[in-house]
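Observations on the model geometry
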Amino acid sequence: MQKSVAIVGAGVSGLTCGVVFAERGFRTSILAEQIGTQTTSGAAAALWFPYDAEPAEKVIPWALATYQVLVDLAKDSESGVSMIELRQYCRTGKIQIPDWTQPYVISSEVGGPLTISVFESGFAVRVPLMDTTIYLDYLANRFQNAGGAIQGKVRLEKLDDVDLKFDLVINCAGVGARELARDVDLEPHRGQVAIVPKIDKLNSAIVCDDAPLMYAIPRKNDCVFGGTNEVSDNLAPDPATTNAIVTECSRVLEIEAPRVLRERVGLRPFRKSGVRLEREKLSDGRTVIHNYGHGGSGFTLSWGCAGDVFELIG
Ligand SMILES: Cc1cc2nc3c(=O)[nH]c(=O)nc-3n(C[C@H](O)[C@H](O)[C@H](O)COP(=O)(O)OP(=O)(O)OC[C@H]3O[C@@H](n4cnc5c(N)ncnc54)[C@H](O)[C@@H]3O)c2cc1C
């Protein structure tokens, strides 16, 4: 008989694992305090591009595997995934173009349409963009259509507390794994964004990782302005930070500051010793597979990691 699986967490990691298990015929339930758009995943930008996650030798293969799945999902207009030109810039000096981006590079030079006066260099790549307002619901629906069940408002103190009717536990608790798996290696990398109305002239994603971190990401119905990255647990939006984000994005894009529709804060689950994707035994002998610590790349790594979780069930 197929195993009965409990996945803890309903952010992008838990929902993607849910789809993988349910569509392969496993009786699968997702148990989580918060679901989809309420989670850190709901605050993400969420572009495909590895950022703030370790170690590179695992992150890049997971990212490339995920890219392939997302390219296919972009063909489904209901998924919330689309392909977009990402223009990655540097304020001073010559930007390094990572080798692994080569198949997706559109332009390796700033010039012509890539010119933005405040930046010195940049390159453009074609990448998937997940509109979190659509994509997380898409994953949840796909999971449920494959027979999966989602139980919200469930807060677990420890993984052993998962009901014994489940044979296998998958831990996708994001930064919550600090308490749930007693993992002191997890560090909350706080990110704040401002959601503004659609900007007519913006049809590519603009990103600059140099301080101050800056990005403007056009989505179907709005635009995400960011951002910040600091070690902090504070989930309350800071109005001064929102103001600074909107000011810098408007300066770069050479537009009047737009009104702010919403502010969002999320805690990127950064793990100093790298993404944790491994098996362990619970005290009652059941297997748990950990899948957390994806930092600023949870969407970028989601399908690659979910595939590896599935491989680990043995
Ligand atoms: C501002 C910002 C921008 C970002 N941009 C990008 C981007 O462009 N591209 C990208 O790939 N990534 C991006 N990220 C990172 C990405 O959002 C995270 O890596 C991803 O959301 C992690 O997903 P997760 O499912 O592992 O965790 P989460 O989304 O945090 O979900 C954790 C789940 O576990 C549940 N949970 C936790 N503890 C417990 C408990 N004790 N009991 C029960 N349930 C529990 C929670 O309720 C939730 O359902 C960004 C993040 C931020 C904050």
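The structure contained in this document is the topic of the report that follows. Bear in mind the structure is a predicted one, so any value in this text is a computation, not a measurement. (Residues numbered from 1 in each chain as written. Predicted model: local features only at pLDDT ≥ 70, side-chain atom pairs only at ≥ 80, totals over all residues. Heavy atoms only, no water.)

**Observations regarding the pairing of strand 1 (residues 4-10)**
Condition: Each residue is placed in one exposure class: buried if its accessible area under a 1.4 Å probe, protein chains only, is under 20% of its type's maximum, exposed if it is over 50%, and partly exposed if it falls in between. Helix and strand definitions follow DSSP, with helices as H or I runs of at least four residues and strands as E runs of at least two, each counted in order from the N terminus. Each pair of strands is called paired provided DSSP finds at least two bridges between the two strands. Here is how to tell: hold the view so the strands point away, follow the path from the first strand over the helix to the second, and if it runs clockwise the crossover is right-handed.
Among the 7 residues of strand 1, 7 are classified as buried, and the element is accordingly described as predominantly covered. Relative to strand 2 (residues 27-35), strand 1 is paired through 6 bridges, and the arrangement is parallel. What sits directly across from valine 5, in strand 2, is threonine 28. In this region the chain leaves strand 1, passes through helix 1 (residues 12-23) and returns to the parallel neighbour strand 2; the handedness of that crossover is right-handed. The pairing of strand 1 with strand 7 (residues 168-171) spans 4 bridges and is classified as parallel. Within strand 7, the residue paired with isoleucine 7 across the bridge is isoleucine 170.

**A look at the site of the ligand**
Threshold: Note on terminology: near, applied to a residue and a molecule or strand, indicates that one of the residue's heavy atoms is within 4 Å of it. Residues adjacent in sequence count toward polar contacts only when both atoms are side-chain atoms; beyond that, a polar contact is any pair of N or O atoms within 3.5 Å, and within protein one must be able to donate a hydrogen and the other to accept it. Exposure was quantified through the Shrake-Rupley algorithm and a 1.4 Å probe, taking into account, for residues, occlusion by the shown protein chains and nothing else.
Neighbouring residues of the ligand: 37 residues in total, closest Ser13, Gln34, Ser41, Gly295 and Thr300. Measuring from an oxygen atom of the ligand, one finds a backbone N or O atom of alanine 10 at 2.9 Å. A distance of 2.9 Å separates an oxygen atom of the ligand from a polar backbone atom of glycine 298. For the ligand, whose accessible area on its own is 1,000 Å², the fraction buried by protein is 95%. Elements supplying a minimum of two residues to the shell around the ligand: strand 1, helix 1, strand 2, strand 8 (186-197), strand 13 (262-271) and helix 6 (298-311).

**Observations regarding the nonpolar core**
Let me state the cut-off plainly: The criterion is simple. A nonpolar core is a set of buried Ala, Val, Leu, Ile, Met, Phe, Trp, Tyr and Cys residues joined through side-chain atoms within 4.5 Å. When checking whether two residues touch, look at their non-hydrogen atoms; a contact exists if any pair is within 4.5 Å.
Grouped together as the largest cluster of nonpolar side chains are 65 residues, with contacts concentrated most on Phe21, Leu47, Trp48, Tyr135, Ile170 and Ile217. Setting aside chain neighbours within four positions, we find phenylalanine 21 in contact with Val5, Phe26, Thr28, Leu168, Ile170, Val309, Phe310 and Ile313. By size, the runner-up hydrophobic cluster in this structure holds 20 residues, among which are Tyr89, Ala194, Leu202 and Ala216.

**Quick notes on the packing of aromatic side chains**
We count it as follows: A pair of Phe, Tyr and Trp rings is counted when the ring centres sit within 6.5 Å of each other, with Trp represented by its six-membered ring. The angle between the planes then sorts it: under 30 degrees is stacked, over 60 is edge-to-face, the rest tilted. Think of it as a cone above the ring: NZ of Lys or CZ of Arg counts as a charge over the ring if it is within 6 Å of the ring centre and within 35 degrees of the ring normal.
Enumeration over the complete set of coordinates arrives at 12 aromatic pairs. Taking the centre distance of 5.7 Å and the plane angle of 90° together, the rings of phenylalanine 26 and phenylalanine 310 count as edge-to-face. Highlighted residues: phenylalanine 26 in the loop between helix 1 and strand 2 and phenylalanine 310 in helix 6, separated in sequence by 284 residues. Accessibility classification places phenylalanine 26 together with phenylalanine 310 in one group, the buried group. Among the aromatic side chains, those forming a connected cluster through ring pairs are Trp48, Phe49, Tyr67, Trp100 and Tyr104. Between the NZ or CZ atom of arginine 24 and the centre of the ring of phenylalanine 310, over which it lies, the distance is 4.6 Å.

**Observations regarding the pattern of salt bridges**
Selection criterion: By definition, a salt bridge exists where a carboxyl oxygen of Asp or Glu is found within 4 Å of a side-chain nitrogen of Lys or Arg.
According to the stated counting rule, one finds 18 salt bridges in the structure shown. When the shortest N-O distance is used, the salt bridge between glutamate 179 and arginine 178 registers 3.9 Å. Look at glutamate 179 and you get partly exposed, because its relative accessible area is 40%. As a salt-bridge pair, aspartate 183 and arginine 271 come within 2.7 Å of each other at their nearest N and O atoms. Of this pair, aspartate 183 sits in the loop between helix 4 (177-180) and strand 8 while arginine 271 sits in strand 13; the two residues are 88 residues apart in sequence, bridging distant segments of the chain. Several salt bridges converge on common partners, so that one network encompasses Asp131, Arg219, Asp222 and Arg262.

**Some details on the packing of helix 1 against helix 6**
Each pair of packed helices can be summarised by the angle the axes make with each other and by the distance between the axes. We apply this condition: Axis angles are defined between N-to-C directions and span 0 to 180 degrees, where every axis is a line fitted to C-alpha atoms and, for a helix, only to the segment in contact. Comment on the angle field: the value is read as roughly parallel under 35 degrees, roughly antiparallel over 145, roughly perpendicular from 65 to 115, and oblique elsewhere. For a crossing to be left-handed, the near helix must be turned anticlockwise from the far one by less than a right angle; the clockwise case is right-handed. Residue classes follow a fixed rule: Ala, Val, Leu, Ile, Met, Phe, Trp, Tyr, Cys and Pro count as nonpolar, while Asp, Glu, Lys and Arg count as charged, and any other residue, Gly among them, counts as polar.
Where helix 1 meets helix 6, the axes come as close as 9 Å, and the angle between the chain directions of the two elements is 40°. Overall, the two elements helix 1 and helix 6 adopt an arrangement that is oblique. For the pair helix 1 and helix 6, the sense of crossing is right-handed. Here Val12, Thr16, Cys17, Val19, Val20 and Phe21 of helix 1 lie close against helix 6, whose contacting residues are Gly298, Phe299, Ser302, Trp303, Ala306, Val309 and Phe310. Looking at the contact of helix 1 with helix 6 residue by residue, the class counts come to 10 nonpolar, 3 polar and no charged.

**Considerations on the sheet that holds strand 6 (residues 149-151)**
On the basis of which strands lie adjacent, the open sheet formed by 6 strands has the order 6-2-1-7-15-14 and mixed pairing. Each edge of the open sheet carries a strand with a single partner, namely strand 6 and strand 14 (276-281). The mean angle between the axes of side-by-side strands here comes to 20°, regardless of whether they run parallel or antiparallel. Pairing geometry for strand 14 and strand 15 (residues 287-292), over 6 bridges, is antiparallel. Its bridge partner being in strand 15, glutamate 280 is matched across the sheet by valine 288.

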